[in-house]
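Here is what each chain is made of, one letter per residue.
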Amino acid sequence: MTPERTRLAASLRELRARTGLSLAALATKTAFSKSSWERYLNGKSLPPRQAVQELCRLAGEPDGRCLALWEIAESEWSGRGKEPAAAPPATTPSRTATTTTTAGPATGTGASAAAAPAPASRLAGHRSVVAVAVLASVCAMAVGVVAVAVALLRPYADGASRASEQAPRYQGPSPSDPRCRGAACEGRDPMGMRCAASPVTLATRHTAGDAWLEVRYSKECGTSWARMWGTRVGDRLEVTAAGRVRGAEIRTAADADAFVYTPMTVTAPGTTIRTCFRPAGSGGRECFTSVTR
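Small disclaimer: the values here were computed from a predicted structure and weren't measured.

## Focus: the packing of aromatic side chains
Link 1 in the chain: For the structure shown, the criterion picks out five aromatic pairs.
Link 2 in the chain: On the basis of an interplanar angle of 80° and a centroid distance of 5.7 Å, the ring pair of W37 and Y40 is categorised as edge-to-face. Placement of the pair is W37 and Y40 together in helix 3 (residues 34-41), with a separation of three residues, close to one helical turn. For the pair W37 and Y40, one class covers both residues: buried.
Link 3 in the chain: Ring plane angle 50° and centroid distance 4.8 Å describe the contact between W229 and F259, whose orientation is recorded as tilted.

Below, the structure written as structure tokens:
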């Protein structure tokens, strides 16, 4: 297995661990079988692009990094990443001059006709020598003119290059940068604001009703939120920090099959967050606390 496929398989196993889903559960939530996921996660075969995207979706993570790893692995697997073999050097067909020797003395009209081309060939050769000499002179003059121009313009070119090196270059925001920070993120969606790209997981809980909960914190955005999966319609999740309450509810079957996030609330390092899960029906409320770090 190539290093590229090894890195991709390791990333996929990490995402699968975050989902908390078994191979059988992955098969029910995606278009790929349990045996296929076993091969993909162990690096025995290269997964389709759609499988990588679906696992990222289930893990609630942006798919950019894993798709980049998949592109490299797929390129190596298909041979597109290999350098093309160098073409053999072109061979120039050799030209062999053939001379015909006529035995015996040349006499009469035949001798005159054979001797006639000699003066013409010598005249053509002389003209060729003159043409080459003229062309060489013209090239020498052109090279001299270019050398003088370069010598005159060098101070300006050097100054321009130094100025361009010293001038600061503006770099726009990265596509992965958060879209909000601090108070501007209050009550916003962590996925839409790109605060969930690399969060810290503060706590993970498995509820009595078989739902999964996770509390997350983004240092870049200065916010916290919670998410739930493996839920049922009617389940509700709330996070409370510094008196602010943010909640989310499972309203449809589609919600129950995906990650559902609470809106964000602003938190600083050391903030205590209280998370409460209210299952649908008559189940009791489950609460726990975590601290940002």
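From this point, things continue past the structure.
## Points about unusual backbone geometry
Link 1 in the chain: Positive phi, close to 80°, is recorded for D210, a residue that is not glycine.
Link 2 in the chain: In this model, A242 sits at a positive phi of 55°, which is unusual for a non-glycine residue.
Link 3 in the chain: Looking at the element boundaries, A242 is found in the loop between strand 4 (236-241) and strand 5 (244-249).

## Let's talk about the packing of helix 1 (residues 3-19) against helix 4 (residues 49-59)
Link 1 in the chain: Across the interface, helix 1 lies against helix 4 with an axial gap of 8 Å and an inter-helix angle of 35°. Crossing angle aside, the handedness with which helix 1 passes helix 4 is left-handed. The residues of helix 4 that touch helix 1, namely those facing L12, L15, R16 and T19, are V52, L55, C56, L58 and A59.
Link 2 in the chain: A per-class count over the contact of helix 1 with helix 4 returns seven nonpolar, one polar and one charged.

## As for the pattern of salt bridges
Link 1 in the chain: According to the stated counting rule, one finds 13 salt bridges in the structure shown.
Link 2 in the chain: Between R236 and E249 there is a salt bridge, and its shortest N-O distance comes to 3.9 Å. Of this pair, R236 sits in strand 4 while E249 sits in strand 5; the two residues are 13 residues apart in sequence, bridging distant segments of the chain.
Link 3 in the chain: Judged by its relative accessible area of 27%, R236 is partly exposed.
Link 4 in the chain: Salt bridges linked by common partners bring E14, R18, E61, E214, R216 and R227 together as one network.

## Notes on the environment of T30
Link 1 in the chain: With respect to the helices and strands, the residue T30 is situated in the loop between helix 2 (23-29) and helix 3.
Link 2 in the chain: Ignoring sequence-local partners within four residues, the contact set of T30 consists of W37, E54 and L58.
Link 3 in the chain: Of the polar contacts made by the side chain of T30, one reaches the backbone oxygen of L26; its length is 2.7 Å.
Link 4 in the chain: A distance of 2.9 Å separates the side chain of T30 from the side chain of W37, its partner in a polar contact.

## Remarks on helix 1
Link 1 in the chain: Between its terminal C-alpha atoms helix 1 stretches 25 Å, which fits the 24 Å expected from 17 residues at 1.5 Å a residue.
Link 2 in the chain: Taken residue by residue, helix 1 has E4, R5, L8, A9, S11, L12, L15 and T19 as its buried positions. Down the axis of helix 1, the buried side of the element spans an arc of 165°, and every buried residue falls inside it. Every exposed residue of helix 1 that faces more than 90 degrees away from the buried side is listed here: P3 and A17.

Definitions and cut-offs
- Residues numbered from 1 in each chain as written.
- Predicted model: local features only at pLDDT ≥ 70, side-chain atom pairs only at ≥ 80, totals over all residues.
- Heavy atoms only, no water.
- Phe/Tyr/Trp six-rings, centres within 6.5 Å; stacked < 30°, edge-to-face > 60°.
- Helix = DSSP H or I, 4+ residues; strand = E, 2+ residues; numbered from the N terminus.
- Buried < 20%, exposed > 50% of the residue type's maximum accessible area, 1.4 Å probe, protein only.
- Axes fitted to C-alpha atoms, helices over the stretch in contact; angles between N-to-C directions.
- Left-handed = near helix turned anticlockwise from the far one by under 90°.
- Contact = heavy atoms within 4.5 Å.
- Nonpolar A, V, L, I, M, F, W, Y, C, P; charged D, E, K, R; others polar.
- Salt bridge = Lys/Arg side-chain N within 4 Å of Asp/Glu carboxyl O.
- Polar contact = N/O pair within 3.5 Å; in protein donor to acceptor, adjacent residues only side chain to side chain.
- Expected span 1.5 Å × (residues − 1).
- Arc of directions from axis to C-beta.

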